[in-house]
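Take a look at the letters that make up each chain.
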Amino acid sequence: MKHHAIIPIFIPHQGCPNGCIFCNQRKITAKAQPVTVEMARETIETWLATLRGRRGMETIEIAFYGGSFTGIPKDEQVRYLSVAKEYKDRGLIQKLHLSTRPDYINEETLARLRRMSVDIIELGVQSFDERVLQLAKRGHDAAVVRRSAQLIREYGFTLGIQLMIGLPGDSLQSCLYSAEETVRLQPQLARLYPTAVLHQTELYDMWRAGSYEAPAQEELVRRTAAMYRILTRAGIQIIRVGLKSSELIGGEETAPGTYHPAFRQLVCGRIAREDLEAQLTAHPMEGKVSFYANGSSMSDMIGWRGENRRYFQTAYPQLSLRFQRDDSLADGIYVCRKKE
């Protein structure tokens, strides 16, 4: 049963004059109808009508996505947030959530957001590697990220960090560095996004010209799984891995091979495979062997479209394998046992 719901209000590219190579929001925004306060209210009412009466619903958030919320004019920020705060003050929603750029955070901004009852601020960091930031034309360095994150925590907000995998200049080493730097900032939340090469972006033009080679899916899964381990080991909640198809801005297409609709399952399935194989390697087995996970983690243990099942059958033909459920195990814990 789902206990947490997010009401998304998409503010496309308002407040962001920057031109990051991977982003197509500016072109989409030029063709899109501006989101008015009235439209935001209608979105909230529609979602609440759907969510009303759902058993076990403990937390409902209003979340402002897209662009850089704290970069839009102050009076517009206040108008949007006043509508959201009204629903929070009435007890109809529990949290207000927004995302923005690290270089659009300062004490004046945070004081205003605190007055408007904002709870969660996510920073679109993408990378802590200076070369990657430069090649992506982010317009700021990693020091800005560290200062902004520290301020957000000092003002008492929940901090989220968004990272991208596979940008130009990126590598496994730079990804691990970004994950480790994220841990040092002590955020409560994180998102991991493999780079989807969207049409109408500079990155797409680079891909077509051959000056950017997108990492293979296998490599993206490998890097992301390693980052996932670092973050979860530090107690950081990973609230998203990869984009949903509905999150592709403006419904734009992607370059072939640079987007997978079930990327999180690929990553979590890889982690399950590695954990189980480590147990098989440490304690070689023969005959009947069972792999166990709880109900929530069963699909990851089996793998996307059964890829882990096929992998183990091919790699360990001497074993008679079964994938079984054990609800005494915690989420993401996988156990290998010899059957007598």
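Residues numbered from 1 in each chain as written. Predicted model: local features only at pLDDT ≥ 70, side-chain atom pairs only at ≥ 80, totals over all residues. Heavy atoms only, no water.

The next point concerns empty space enclosed by the protein. Enumeration according to the criterion identifies one cavity of 30 Å³ or more in this entry. Lining the largest cavity are Pro194, Ala196, Gln217, Leu220, Gly242, Leu243, Gly257, Thr258, Tyr259, His260 and Phe263. Here the lining of the largest cavity is built from residues that sort into six nonpolar, five polar and no charged. (1 Å grid on protein atoms, 1.4 Å probe; cavity = no way out; pocket = protein on both sides within 12 Å on 5 of 7 lines; lining within 4 Å. Points joined across faces, edges and corners; volume = space filled by probe spheres on them. Nonpolar A, V, L, I, M, F, W, Y, C, P; charged D, E, K, R; others polar.)

In summary, soluble globular proteins display a tendency toward joint burial of nonpolar side chains. Formed by 64 residues in total, the largest nonpolar core has its most connected members in Ile62, Phe64, Leu110 and Ile121. Sorting elements by how many residues they give to this core places helix 9 (residues 217-233) first, with seven residues. Those residues in contact with Ile121 that sit more than four places away from it in its chain are Leu98, Thr100, Ile105, Leu110, Leu113, Ile152, Phe157, Thr158, Leu159 and Gly160. In terms of nonpolar packing, the next biggest core, distinct from the first, is built from 17 residues, Met285, Phe291, Phe312 and Leu321 among them. (Core = buried A, V, L, I, M, F, W, Y, C linked by side-chain atoms within 4.5 Å. Buried < 20%, exposed > 50% of the residue type's maximum accessible area, 1.4 Å probe, protein only. Helix = DSSP H or I, 4+ residues; strand = E, 2+ residues; numbered from the N terminus. Contact = heavy atoms within 4.5 Å.)

Looking now at helix 7 (residues 172-185). A rise of 1.5 Å per residue sets the reference length of helix 7, with its 14 residues, at 20 Å; its end C-alpha atoms lie 20 Å apart and thus fit the reference within 8%. Restricting attention to buried positions, one finds in helix 7 the residues Leu172, Ser174, Cys175, Ser178, Ala179, Glu181, Thr182 and Leu185. At the exit of helix 7 stands Gln186, carrying a positive phi of roughly 55 degrees. (Expected span 1.5 Å × (residues − 1).)

With that out of the way, let us pick up the sheet that holds strand 3 (residues 95-100). With respect to topology, seven strands assemble into an open sheet ordered 1-2-3-4-5-6-7, the strand pairing being parallel. Lying at the two open borders of the sheet, with one neighbouring strand each, are strand 1 (4-10) and strand 7 (237-241). Direction aside, neighbouring strands of the sheet carry axes that sit 20 degrees apart on average. Direction of pairing for strand 6 (residues 189-194) relative to strand 7: parallel, over a ladder of four bridges. Within the sheet, the bridge partner assigned to Leu192 lies in strand 7 and is Val241. (Pairing = 2+ DSSP bridges. Axes fitted to C-alpha atoms, helices over the stretch in contact; angles between N-to-C directions.)

Here we come to the sheet that holds strand 8 (residues 287-293). Within the open sheet, the three strands sit side by side as 9-8-10. Their pairing is mixed. A strand with exactly one partner marks an edge of an open sheet, and here the two such strands are strand 9 (319-325) and strand 10 (335-338). Neighbour-to-neighbour, the strand axes of the sheet open up by a mean angle of 25 degrees, direction not taken into account. Judged from the seven bridges that link them, strand 8 and strand 9 form a sheet pairing that is parallel. Each bridged residue has a counterpart across the sheet, and for Gly287 the counterpart in strand 9 is Leu319. Contacting strand 8, strand 9 and strand 10, helix 10 (residues 263-282) crosses the sheet at an angle of about 35 degrees to strand 10. In the packing of helix 12 (residues 307-315) onto the sheet, contacts are made with strand 8 and strand 9, and the angle to strand 9 comes to roughly 155 degrees.

A contiguous patch of positive charge on the surface is contributed by Lys288, Arg322, Lys338 and Lys339. Assignment of secondary structure puts Lys339 in the segment after strand 10. Taking the relative accessible area as the measure of exposure, Lys339 reaches 34% and is therefore partly exposed. (Patch = residues over 30% accessible without salt bridge, like charges linked within 9 Å, V, L, I, M, F, W, Y side chains within 5 Å. Areas by Shrake-Rupley, 256 points an atom, 1.4 Å probe, with all protein chains shown as cover. Salt bridge = Lys/Arg side-chain N within 4 Å of Asp/Glu carboxyl O. Lys, Arg positive; Asp, Glu negative; His and termini not counted. Charge placed at Lys NZ, Arg CZ, Asp CG, Glu CD.)

Packing of helix 7 against helix 9 leaves a shortest axis separation of 9 Å and a crossing angle of 20 degrees. For the element pair helix 7 / helix 9, the angle class is roughly parallel. Once helix 7 is placed against helix 9, the crossing between them reads as right-handed. Judged by residue contacts, Leu172, Cys175, Leu176, Ala179, Glu180, Thr182 and Val183 of helix 7 engage Glu219, Arg222, Arg223, Ala226, Met227, Ile230 and Leu231 from helix 9. Split into classes, the residues belonging to the contact of helix 7 with helix 9 amount to nine nonpolar, one polar and four charged. (Parallel < 35°, antiparallel > 145°, perpendicular 65-115°, else oblique. Left-handed = near helix turned anticlockwise from the far one by under 90°.)

The end-to-end C-alpha separation of helix 9 is 24 Å, in line with the 24 Å expected for 17 residues at 1.5 Å each. When helix 9 is considered as a whole, its buried residues turn out to be Glu219, Leu220, Val221, Arg223, Thr224, Ala225, Met227, Tyr228, Ile230 and Leu231. Buried positions along helix 9 lie against strand 5 (158-165), helix 7, strand 6, strand 7 and helix 10. Positioned one or two residues after helix 9, Gly235 has a phi angle of 85 degrees, which is positive.

Let us now look at unusual backbone geometry. For Gln126, which is not glycine, the phi dihedral falls at a positive 75 degrees. Looking at the element boundaries, Gln126 is found in strand 4 (residues 120-126). Look at Gln126 and you get buried, because its relative accessible area is 7%. If you check the backbone angles, Gln200 has positive phi at about 65 degrees while not being a glycine. Tracing the backbone shows Gln200 in the loop between strand 6 and helix 8 (202-209). Since its relative accessible area comes to 27%, Gln200 is described here as partly exposed.

The values reported here are purely geometric and, on their own, carry no functional implication.
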